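Here is what each chain is made of, one letter per residue.
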Amino acid sequence: MNWAALSTAEPAFAGTVERRFGAFTHHVLATLRKDGSPRTSGIEVRFLDGELWLGMMPDSLKALDLRRDPRFALQANPGAGTDMGGGDVRISGRAVEVGDGLPAKAAYVKEVEPPEPFHLFRTELTEVTRTYVEDDTYLVVQVWKPGAPVRTLKRT
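The following paragraphs examine the structure supplied in this document. None of the values given here were measured: they were computed from a predicted structure.

Here we come to the overall build of the protein. In terms of helices and strands, the protein carries four helices and nine strands. Reading the protein from its N end, one meets helices and strands in the order α-α-β-β-β-β-α-β-β-α-β-β-β. For the protein, the C-alpha radius of gyration of 16 Å lies close to 15 Å, the compact-globule estimate for 156 residues. Counting only C-alpha atoms, the protein reaches 50 × 35 × 30 Å along its principal axes. The long-range fraction of contacts in the protein, counting pairs at least 24 apart against all pairs at least 6 apart in sequence, stands at 55%. Here the protein displays about 8,700 Å² of accessible surface, and carbon together with sulfur accounts for 52% of that area. Side-chain charges of the protein comprise 20 positive and 21 negative groups, with the mean position of each set lying 5 Å from the other.

Below is the structure:
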């Protein structure tokens, strides 16, 4: 499941998540090191042509982690203070590297003009979660997984 699949299945939810990531440039990516321990790194992400893209400097540790084990978690920058306008948003999935010379990478380069060389990964989504406070009373958790509608849980 790519970003386009989520956008088609749950357009309002996908739009909220995309706006949350668009509010700030830098976000946090979690990958797995060789020994299986977590690594967190800063990253810029791009929603483009129905995909969520992760671009990285050549041979960065996060790129090497994803080449070895494609599982990742991505958290949107919460912003300043405790407001977290739009809520806390996280995306989990698998990252698939897009090699040099492929049309998808060429299209990305044309649109984004990143410094080259670089690693480019498209994402396959396994879970998207949004957590926010409603009416200063409820903690609301929305969870989407492929093949299912968004599930909403409220706690007081």
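Having seen the model, we can carry on.
Attention now moves to the packing of aromatic side chains. Evaluated as defined, the whole model comprises four aromatic pairs. Here a set of aromatic residues connected by ring pairs shows up, and it is made of Trp3, Phe21 and Phe47. When the ring centre of Phe118 is taken as origin, the NZ or CZ atom of Lys105, which lies over that ring, is 4.4 Å away. Between the NZ or CZ atom of Arg130 and the centre of the ring of Tyr132, over which it lies, the distance is 3.9 Å.

For helix α3 (residues 61–68), every residue scored as buried is listed here: Lys62, Ala63, Asp65 and Leu66. Looking straight down α3, one finds that the buried residues subtend no more than 160° of arc, so they occupy a single side. Those residues of α3 that are buried are in contact with β1 (27–32), β2 (38–43), β4 (51–56), β5 (71–75), β6 (88–97) and β7 (119–134).

Turning to helix α4 (residues 103–112), its buried residues number three or more, namely Lys105, Tyr108 and Val112. Viewed along the axis of α4, the buried residues span an arc of 60°, placing them on a single side of the element. Opposite its buried face, α4 presents the exposed residues Pro103, Lys110 and Glu111, each directed more than 90 degrees away.

This paragraph deals with the environment of Phe24. Structurally, the position occupied by Phe24 is in the loop between α2 (11–22) and β1. Judged by relative accessible area, Phe24 falls into the partly exposed class, the value being 34%. Spatially, the C-alpha atoms of Phe24 and Gln142 are 21 Å apart, while their sequence positions differ by 118 residues. Those residues in contact with Phe24, other than ones at most four positions away along the chain, are Asn77, Pro78 and Gly79.

What counts and what doesn't
Residues numbered from 1 in each chain as written. Predicted model: local features only at pLDDT ≥ 70, side-chain atom pairs only at ≥ 80, totals over all residues. Heavy atoms only, no water. Helix = DSSP H or I, 4+ residues; strand = E, 2+ residues; numbered from the N terminus. Rg over C-alpha atoms; globule rule 2.2 N^0.38 Å. Contact = heavy atoms within 4.5 Å. Areas by Shrake-Rupley, 256 points an atom, 1.4 Å probe, with all protein chains shown as cover. Lys, Arg positive; Asp, Glu negative; His and termini not counted. Charge placed at Lys NZ, Arg CZ, Asp CG, Glu CD. Phe/Tyr/Trp six-rings, centres within 6.5 Å; stacked < 30°, edge-to-face > 60°. Lys NZ or Arg CZ within 6 Å of the ring centre and 35° of its normal. Buried < 20%, exposed > 50% of the residue type's maximum accessible area, 1.4 Å probe, protein only. Arc of directions from axis to C-beta.

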